[in-house]
Structure formats: structure tokens, C-alpha cells
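Spelled out, the chains give:
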Amino acid sequence: MRVLLVGAGGVGTAVTRIAARRDFLTHMVVADYDLGRAEAAVAALGERGDRFGARRLDASDEDAVRRALTEERCDVLLNATDPRFVMPLFRAALAAGAHYLDMAMSLSVPHASRPYEECGVKLGDEQFALAGRWEEAGRLALVGMGVEPGLSDVFARYAADELFDDIEEVGVRDGANLAVEGYEFAPSFSIWTTLEECLNPPVVYEEDRGWFTTALFSEPEVFDFPEGIGPVECVNVEHEEVLLVPRWVDARRVTFKYGLGADFIARLKTLHELGLAATAPVTVPGGDGRPVRVSPRDVVAACLPDPATLGDRMTGKTCAGTWVKGTKDGAPREVYLYHVVDNQWSMREYGSQAVVWQTAVNPVIALELLATGAWTGRGVLGPEALPPRPFLDLLGAYGSPWGLREEG
């Protein structure tokens, strides 16, 4: 399998370190707007980097991406950029006749007049609108194939197939006890993406209502996370699982709650209230006194440390998981299927901090399943559209097994 990896940031670099240890990969082209960053990702692989190459590529340039796919004879495009670049990469892969994977879906647009009651453009709507063209082309666009979304969706499908006869609710619950020495505020993942998902109206699915939105940080609950992480307050945020799971899994309710903590929520609210989370450019004086246009959110991201560089200062664990409530053989049942990564382990084994490593391992597993034929499909599919057992078995083979905890 020949892969064009677009994006050599923290997650993209972790992808190369994981994929370099697997035999299914014939060649991976690591592409980034910053050629030096792509070259550094390849150079860091040492003797394992003989199947990797670096290339400069602008993810917003559809024609350039299409040409790169063709020139490099790539079978699949793996998108490791932020969600702003989903659609140009998605369309370029379709035009080039390549398969496509991403870890976050096309962006939403809040409802114009009732943003906290009704959905406007939902996450992934732009991609699903092109599903027919992908089917006609006989190609697969596997969307939302990171950890959340991604592994969390695989868990939902596994629960439906093997653990439950009837599902009342699928609730993705994410929490951590990570700390970064020397920083008062240092998000462990892209602040651009974090602001997008946390400050957009949260989405909930209910069988009798369909998809709808709620107030920011709604329905707080304390969830007890496994392997020593402990209780963390979680709140509703916008996330792809709520848009994906109901398409393939019968559940009367689907939610996503993120363990943010009161301090983090307060900082997000402040950024929102000051207009610093906005993406629309504003005019400010440049260094030479001339006006320049900049996005406030890009400024915030530039002022914060790169999450990929924080691993040496970070301690603790991160947990991604799916809580499911329903019945089995006529009896009530609740389970939490989860995956925990210890930052000390991921830094020691791969040189990648826990959050980016946990995100990166899942699309690599998906690529291997596609390469071996264990997963096949056409059109625009989420992870829950494919059999979960091969994925979960391979996750253990990658040295990072998942867990199941009976609740109640």
C-alpha cells in the first residue's frame, strides 16, 4: 500500500513512527506545507525510514494534492491536518481515484436563528453529500477514523454486535489526568480543533427527535475513568460520533461528553467572550504599521505551545471510551469500553505524547485492515459501518490493548 500522509504535525509524525514498524506499508509520502517539518518526521525514523519520503504540499490546493497522489502512485490519502482542510483533501482524493481516511470530518455551521436548539450544517454533511460519487467511483472514504471519533465508533459497533440486544444510549466519554509541568494553560491537543468542538453548539441524537443542539457545556456529569484516572466532570460538546453512530447502530440516544474541568471551561468561555475563538480574519497593525488580516483563533494557537512538544513535560494518562446502556438476554446491562494510554509509555516507546499517539494509532490500524482486505467498502463510511473485531484484535497486537468494564 502506498499512502500520501498530509500533515506532519504531532499526529502525523506519530503516524509515521507507528507505521514504520508495520509490514503492510510499501511507501508513505509525508507531505506538509512546511517541507522542513515533513523532512524532520522522516529523518527521525532512522533506518526504519527507507519506505518514507517527504514532500511540500499545500493542503488547501486541490489540484496540487490530486497531482501528488497521481505522481506518487498512492492508493490512499490519510488526512492528518485540522478540519479546515477536510474538503479540499477529500475532493482531491476522489478526483485522483484514491481511497481517503481522516480523523475529523467536514466542519459544521450553526443554525442561523436557533443555534442552541436546532442543527444547521452538521459535521460531515458536506462529505456525505458526495457519498454517491464515491460509490460510483468504487472508492472508500473512511471518515472519522481517529480515536474520538474512530475507536469510540468501533466500540459502539462492537457493543451492538456482541454485547447488547437492545441499546438505550451510546455515550462517548473522554477524560484524562494529564498535567504539563511549567505551564498554567497548555492543551494537549490542537487548540484550533479544541475550540471548534467545544464552542460550537453541542449535538445530541434521540431516536424520536433526530439530531438537535443544546447549550454550551450542558448536562454535566461526573464520570469515573479507569486505570487510576478517577472521577472527572464531563459536559456535552459537538463531536462526530453523535453524527456517525446513529447511521449504522440502533440506539435510542447518542451523546458525547468531554472531561474538560472547570478551569479549562472558564478559559474557553473567556476566549469565546473576547472573540478570540473566532476564525474570521480581523484587521490589525502589522510590524511595519501596515494593516494585516489575521484570524484570532490562529493567534491563540500561535501563542500556545505546540502540543506535540509537550511530551517530556507531561505526566498522566488519557482515556477514550464508549459507555453503552441497554439490555442483554432480557437483563439490564451497562458497560464502558475504553482505551487508556500512559504518557510515560508512549514517550518511551515512540517519542510521542499520549494524546497524539492515541489519535494516530487508529488510522494506521485502519490502513492495515484495508491493505489486508479485512476491511472493505465503497462510498462514505464511518468506522461503525465495518466489522469491529478485526480492528480490536489488531489494537492489541500493536501493543496497546483495550478494556471493558461492567458498570453498575
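Residues numbered from 1 in each chain as written. Predicted model: local features only at pLDDT ≥ 70, side-chain atom pairs only at ≥ 80, totals over all residues. Heavy atoms only, no water.

Considering the arrangement of structural elements, one finds glutamate 240 in helix α9 (residues 240–248). Residue contacts for glutamate 240: discarding those within four places in its chain leaves Ala104, Met105, Leu123 and Pro149. (Helix = DSSP H or I, 4+ residues; strand = E, 2+ residues; numbered from the N terminus. Contact = heavy atoms within 4.5 Å.)

Moving on, we get to the packing of aromatic side chains. For the coordinates displayed, the defined rule picks out 16 aromatic pairs. Summarising the aromatic geometry, the rings of tyrosine 336 and tyrosine 338 are spaced 5.8 Å apart at their centres and angled 15° between planes, so their arrangement reads as stacked. Each member of the pair, tyrosine 336 together with tyrosine 338, is buried. Plain terms: the ring middles of tyrosine 350 and tryptophan 357 are 5.3 Å apart, the flat faces sit at 45° to each other, and that makes the pair tilted. Here tyrosine 350 falls in the buried class, since its relative accessible area comes to 11%. Connected via pairs of aromatic rings, a cluster forms that spans Phe223, Phe225, Tyr336 and Tyr338. Of note, arginine 247 hangs over the ring of phenylalanine 128, and the distance from its end group to the ring centre comes to 3.7 Å. (Phe/Tyr/Trp six-rings, centres within 6.5 Å; stacked < 30°, edge-to-face > 60°. Buried < 20%, exposed > 50% of the residue type's maximum accessible area, 1.4 Å probe, protein only. Lys NZ or Arg CZ within 6 Å of the ring centre and 35° of its normal.)

Bridging between strand β14 (residues 282–285) and strand β15 (residues 291–294) involves 4 bridges; their strand directions are antiparallel. Considered in β15, the bridge of valine 282 is made with valine 294. Following β14, the chain reverses through 5 residues before pairing antiparallel with β15; glycine 289 in that reversal takes a positive phi of roughly 90°. (Pairing = 2+ DSSP bridges.)

With that out of the way, let us pick up the pattern of salt bridges. Counted according to the given criterion, the structure contains 28 salt bridges. Aspartate 298 is the salt-bridge partner of arginine 84, the closest N and O atoms lying 3.2 Å from each other. Of the two residues, arginine 84 is situated in the loop between β4 (76–79) and α4 (86–96) and aspartate 298 in helix α11 (residues 296–303); the sequence distance between them amounts to 214 residues. With a closest N to O distance of 3.2 Å, arginine 173 and glutamate 221 form a salt bridge. Remark: glutamate 221 occurs in strand β11 (residues 221–225) and arginine 173 occurs in strand β7 (residues 166–176); sequence separation between them is 48 residues. Judged by relative accessible area, glutamate 221 falls into the partly exposed class, the value being 24%. When salt bridges that share partners are traced, they join Glu169, Arg173, Glu206, Glu219, Glu221, Arg253 and Lys257 into one network. (Salt bridge = Lys/Arg side-chain N within 4 Å of Asp/Glu carboxyl O.)

It is the contact of helix α8 (residues 191–199) with α11, at a shortest axis distance of 9 Å, that shows an interaxial angle of 130°. Comparing the axis directions of α8 and α11 gives the class oblique. Two secondary-structure elements touch here, α8 through Ile191, Trp192, Leu195 and Glu196 and α11 through Arg297, Asp298, Val300 and Ala301. Its residues placed into classes, the contact of α8 with α11 shows 5 nonpolar, no polar and 3 charged. (Axes fitted to C-alpha atoms, helices over the stretch in contact; angles between N-to-C directions. Parallel < 35°, antiparallel > 145°, perpendicular 65-115°, else oblique. Nonpolar A, V, L, I, M, F, W, Y, C, P; charged D, E, K, R; others polar.)

Generally speaking, nonpolar side chains in soluble globular proteins are found buried as a group. By size, the foremost hydrophobic cluster in this structure holds 91 residues, and its most contacted members are Met28, Val30, Phe52, Leu101, Leu260, Trp375 and Phe391. Examining the composition of this core, we find that 11 residues originate from one element, helix α13 (residues 354–372), more than from any other. Phenylalanine 391 has contacts with Met145, Leu151, Val154, Asn362, Ile365, Ala366, Leu369 and Trp375, leaving out every residue within four places of it along the chain. (Core = buried A, V, L, I, M, F, W, Y, C linked by side-chain atoms within 4.5 Å.)

With that out of the way, let us pick up the sheet that holds β4. An order of β3-β2-β1-β4-β5-β6-β19 is seen for the 7 strands of this open sheet, with the pairing classed as parallel. Among the strands making up the open sheet, the edge pair consists of β3 (52–56) and β19 (379–381). Mean inter-strand twist for the sheet, computed between neighbouring axes without regard to direction, equals 20°. Taken together, the 5 bridges between strand β2 (residues 27–32) and β3 define a ladder with parallel strand orientation. Paired with valine 30 across the strands is alanine 54, a residue of β3. Against the sheet, α4 makes contact with β1 (2–6), β4, β5 (99–102), β6 (140–142) and β19, and its axis sits at roughly 160° relative to β5, the strand it touches most.

Closest axis-to-axis distance for the helix α7 (residues 151–163)/α9 pair is 10 Å, and the angle between their directions is 30°. The orientation of α7 relative to α9 falls into the category roughly parallel. Both α7 and α9 take part in a crossing whose hand is right-handed. Between α7 and α9, the contacting residues are Ser152, Asp153 and Ala156 on the first element and Glu241, Leu244 and Val245 on the second. (Left-handed = near helix turned anticlockwise from the far one by under 90°.)

Here the amide bond leading from glutamate 148 into proline 149 is cis, since omega sits at 0°, within 30 degrees of zero. Relative to the helices and strands, proline 149 is located in the loop between β6 and α7. In this structure, phenylalanine 217 takes a positive phi of about 55° despite not being glycine. Here phenylalanine 217 is to be found in the loop between β10 (210–213) and β11.

Take it as geometry only, folks, not as evidence of what the structure does.
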